[in-house]
Amino acid sequence: MVALDGNSIGGLLFEVFGTEMTAAQTICATCGSAAPVAETVVYLRAPGTVVRCRTCGSVLMVIAQIRGVHCVDLGGMAALDTGQGG
Amino acid sequence: MATAAVRGRLTWQTATVTSVTRETDAVRTIELEVPDWPGHQAGQHLDVRLTAEDGYTAERSYSIATADDEPVAITVERLDDGEVSPYLTEELRAGDQLELRGPIGGWFVWDTSDGGPLLLVAGGSGVVPLRAILRHRERVGSDVPARLLYSSRTLAEVIYRGELDQYRDGVEVSYTLTRSRPPGWTGYSGRVDAALLAKIAWPASEHPLTFVCGPTSFVEAVAGSLVALGYPAGRVKTERFGGT
Amino acid sequence: MSPPVSRGFRHFRRPAAGEQDRVPPGQYVARGFPVLSAGPTPHTPLPEWTFSIRRAGETLKSWTWDEFQALPAQDVTVDIHCVTRWTKLDTMWRGVPVDTLLGQVEHDAPYVMAFSDGGYTTNLPVQDVASSQAWVAFGYDGQPLAAEHGGPARLLVPHLYFWKSAKWVRGLELLDHNQPGFWESHGYHIYGDPWRQQRYAGD
């Protein structure tokens, strides 16, 4: 399956975080690269959603929808900054 | 209105299809009446959800094709092995309901305050959000200069051609056809590559703002070429479309 | 409030009469062969490819591609079931039984972790990859297995959900205790029996 980018999960991330997230800045915990969520590499229906760093390929985030609940693993990110001061 | 779009709630709602218009053989524009639409920015998309009688659901995202003060519309390309696009382009008709949520997107968006000059590079149906940007630009009377480079396989597959050919002052539209050209074709041929971009794109010294949209391989090739032309990566915004 | 039904929307085929007992609950019969993955398609050149059986950081046995191809292989036709609800009937594969590979090492491990190029892992009980239930498959539908479907070789464990059939597999790590692999660590079921709809942890 061809990889998409973080734009494709804007709706999912809005559900998870309660706000628009595609412009939020991520810092990769593996290589330190900074990028907006929109520019990350996204694999959908993998069966879950896998978000990877465009620079080093490491997993930034995994989101699985389990019985109506979003299970989110942000372990691959050193930071996720919405720039909204909170 | 833009603030509401970012900070508001994102809930599924039921819209009514008001028209389905043929753009090309495989492409339809679906205009919608959305009861609680908060307005949207050019470049944003909405998510569509289809539900079968047995409860099976399928969701896909489609870029909004129109400017904020127009009825909400999406332009959908039918993919042969698609699950959702054949339904939207061949089955859906005026009067049907369509579940959707939106608008979505905070990065791949443009408003006049973002400035320019604008470079818009479209591959196939990637033209949809870029067309929304141009419509928004026109409707607010912006004088930000814009150039659209639109790559299609054939002339017959160019979406919105009549409209795009009308642009004059401030907007330059160039087409490149990759698979076949009609007799007497005076536009460009072949894939968008560094050489073609060097001809069409603003010089990097003008600090353009760029939006690239289309299939993943197209976007990555174009983005790579732009960076090689000296465009800083932070001023090149990309949106990748996939299949089905 | 349930969502409105989309008039005329038809999707994957529901099982036909005669197929129903082959399609697990909640599954649909797919057209085509969907490609799903958690990362980019790796491209390990065959001269560099190996399949290893490891335990506690040590390689017990390893085969190069040529050595692997020299092992006796089987042609099997099986039904496969993806947790995303599509089922594909009568898929044809060629591969080396995992029995043949595990039979070359002395071990009493109760579990294995399959590991792949790109970092993917999935865990299985040894008894589920033994007794002619699992293969390391390198052929599909009479052709070499395509990279997008896991080639040059993938694990094939058709009696469990297909996320257990690790693409781009490079070996099995023998485990004394069951450990969750990639999707098992993210909420998917530790075992994954489609006939009991064991999609998620707690099912």
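Please read all numbers here as calculations on a predicted model, not as lab measurements.

Visitor: Whenever I open this one, the interface of chain A and chain C confuses me. Can you help?
Guide: As a measure of interface size, the accessible area lost when the parts come together is often cited. Taken together, the contact between chain A and chain C spans 16 residues of the former and 14 residues of the latter. Those elements giving two or more residues to the side of chain A that touches chain C turn out to be β5 (49-52), β6 (59-66) and β7 (69-73) of chain A. Looking at the side of chain A that touches chain C residue by residue, the class counts come to 10 nonpolar, 2 polar and 4 charged.

Visitor: Just to check I follow, could you spell out the sheet that holds strand β1 (residues 4-5) of chain A for this structure?
Guide: Neighbouring strands of a sheet are bound in pairs by backbone hydrogen bonds; such pairs are parallel or else antiparallel. All names here are of chain A. Read from one edge to the other, the open sheet built from 5 strands follows the order β1-β4-β5-β6-β7, with strand pairing classed as antiparallel. Looking at the sheet topology across the chains shown, the edges are occupied by β1 and β7. When β5 meets β6, the two strands line up antiparallel, connected through 4 bridges. Paired with Val-50 across the bridge in β6 is Val-62. Here helix α1 (residues 10-17) sits on the sheet in contact with β5, β6 and β7, set at roughly 95° to β7.

Visitor: Quick question: what am I supposed to make of the nonpolar core here?
Guide: One recurring pattern in soluble globular proteins is that nonpolar side chains are buried together. Counting 128 residues, the largest nonpolar core has Leu-120, Leu-130 and Leu-148 of chain B together with Ala-114, Val-136 and Ala-137 of chain C as the members making the most contacts within it. Residue contributions to this core reach at least three from each of two domains, namely domain 1 (2-104) and domain 2 (112-241) of chain B. Once you skip the residues sitting within four places of it in the chain, Leu-148 of chain B turns out to touch Leu-120, Ala-122, Leu-130, Leu-134 and Val-173 of chain B.

Visitor: Would you explain the domain arrangement of chain B in this entry?
Guide: Residue and element names in this part refer to chain B. Partitioning chain B into structural domains gives domain 1 (2-104) and domain 2 (112-241). Computed from C-alpha coordinates alone, the two centres of domain 1 and domain 2 are separated by 24 Å. With 14 residues of domain 1 at the interface, the matching set in domain 2 holds 14 residues. Secondary structure elements with two or more residues in the side of domain 1 that touches domain 2: β1 (13-24) and β5 (73-77). Taken together, the residues of the side of domain 1 that touches domain 2 break down into 5 nonpolar, 5 polar and 4 charged.

Visitor: Honestly, the interface of chain B and chain A in this entry has me stumped. Any pointers?
Guide: The interface is formed by 17 residues belonging to chain B together with 17 residues belonging to chain A. Of the residues forming the side of chain B that touches chain A, the biggest block, 3 residues, is contributed by strand β12 (residues 236-241) of chain B. Grouping the amino acids of the side of chain B that touches chain A by side-chain chemistry returns 5 nonpolar, 7 polar and 5 charged.

Visitor: What am I meant to see in the pairing of strand β4 (residues 57-63) of chain B here?
Guide: Within a regular beta strand, the side chains point alternately toward one face of the sheet and then the other, so they alternate between its two faces. Residue and element names in this part refer to chain B. The pairing of strand β3 (residues 45-51) with β4 spans 7 bridges and is antiparallel. When the sheet's bridge partners are listed, His-45 is paired in β4 with Ser-63. Remark: 5 residues form the turn of the hairpin made by β3 and β4, two consecutive strands paired antiparallel; Gly-55 in that turn has positive phi of roughly 95°.

Visitor: Is there a simple way to explain the sheet that holds strand β7 (residues 121-125) of chain C in this structure?
Guide: Residues and elements named next belong to chain C. As summarised here, the arrangement of the 5 strands in space is β3-β2-β11-β6-β7, forming an open sheet in which the pairing is mixed. Either end of the sheet is taken by a strand with one partner, and the two such strands are β3 (58-64) and β7. Along the sheet, successive strands turn relative to each other by an average axial angle of 20°, direction set aside. With 4 bridges joining them, strand β2 (residues 50-55) and strand β11 (residues 169-175) adopt parallel strand pairing. What sits directly across from Arg-54, in β11, is Glu-173.

Visitor: Which parts of the structure should I look at to understand the confidence of the model for chain B?
Guide: Close reading of the predicted structure is inappropriate where its pLDDT is low. Model confidence for chain B is summarised by a mean pLDDT of 94, while 96% of its residues fall at 70 or above. Here residues 1-7 of chain B is a poorly scored stretch, pLDDT under 50, and it has 15 contacts once near neighbours within four places are set aside; other chains count.

Visitor: Which parts of the structure should I look at to understand the pairing of strand β11 (residues 209-215) of chain B?
Guide: Residues and elements named next belong to chain B. Counting buried positions along β11 yields 5 of 7 residues, so the element is predominantly enclosed. Relative to β11, strand β7 (residues 118-123) runs parallel, the two sharing 5 bridges. Looking across to β11, one finds that Leu-120 is bridged to Phe-211. Examined bridge by bridge, β11 and β12 share 6 bridges and lie parallel to one another. In the sheet register, Pro-215 faces β12, and the bridge partner there is Phe-241. Taken together, β11, helix α6 (residues 216-228) and β12 form a β-α-β motif whose crossover is right-handed.

Visitor: I keep staring at the environment of Gln-143 of chain C and nothing clicks. Help me out?
Guide: Structurally, Gln-143 of chain C can be placed in strand β9 (residues 143-144). Along the backbone, Gln-143 of chain C and Tyr-188 of chain C are 45 residues apart, and their C-alpha atoms lie at a distance of 31 Å.

The rules behind the values
Residues numbered from 1 in each chain as written. Chains lettered and ligands numbered in written order. Predicted model: local features only at pLDDT ≥ 70, side-chain atom pairs only at ≥ 80, totals over all residues. Contact = placed C-beta atoms within 7 Å. Helix = DSSP H or I, 4+ residues; strand = E, 2+ residues; numbered from the N terminus. Nonpolar A, V, L, I, M, F, W, Y, C, P; charged D, E, K, R; others polar. Pairing = 2+ DSSP bridges. Axes fitted to C-alpha atoms, helices over the stretch in contact; angles between N-to-C directions. Core = buried A, V, L, I, M, F, W, Y, C linked by C-beta atoms within 7 Å. Buried ≥ 20, exposed ≤ 12 C-beta atoms within 10 Å, placed from the backbone. Domains from an automatic or database assignment. pLDDT = per-residue confidence, 0-100. Right-handed = clockwise from strand over helix to strand, strands pointing away.

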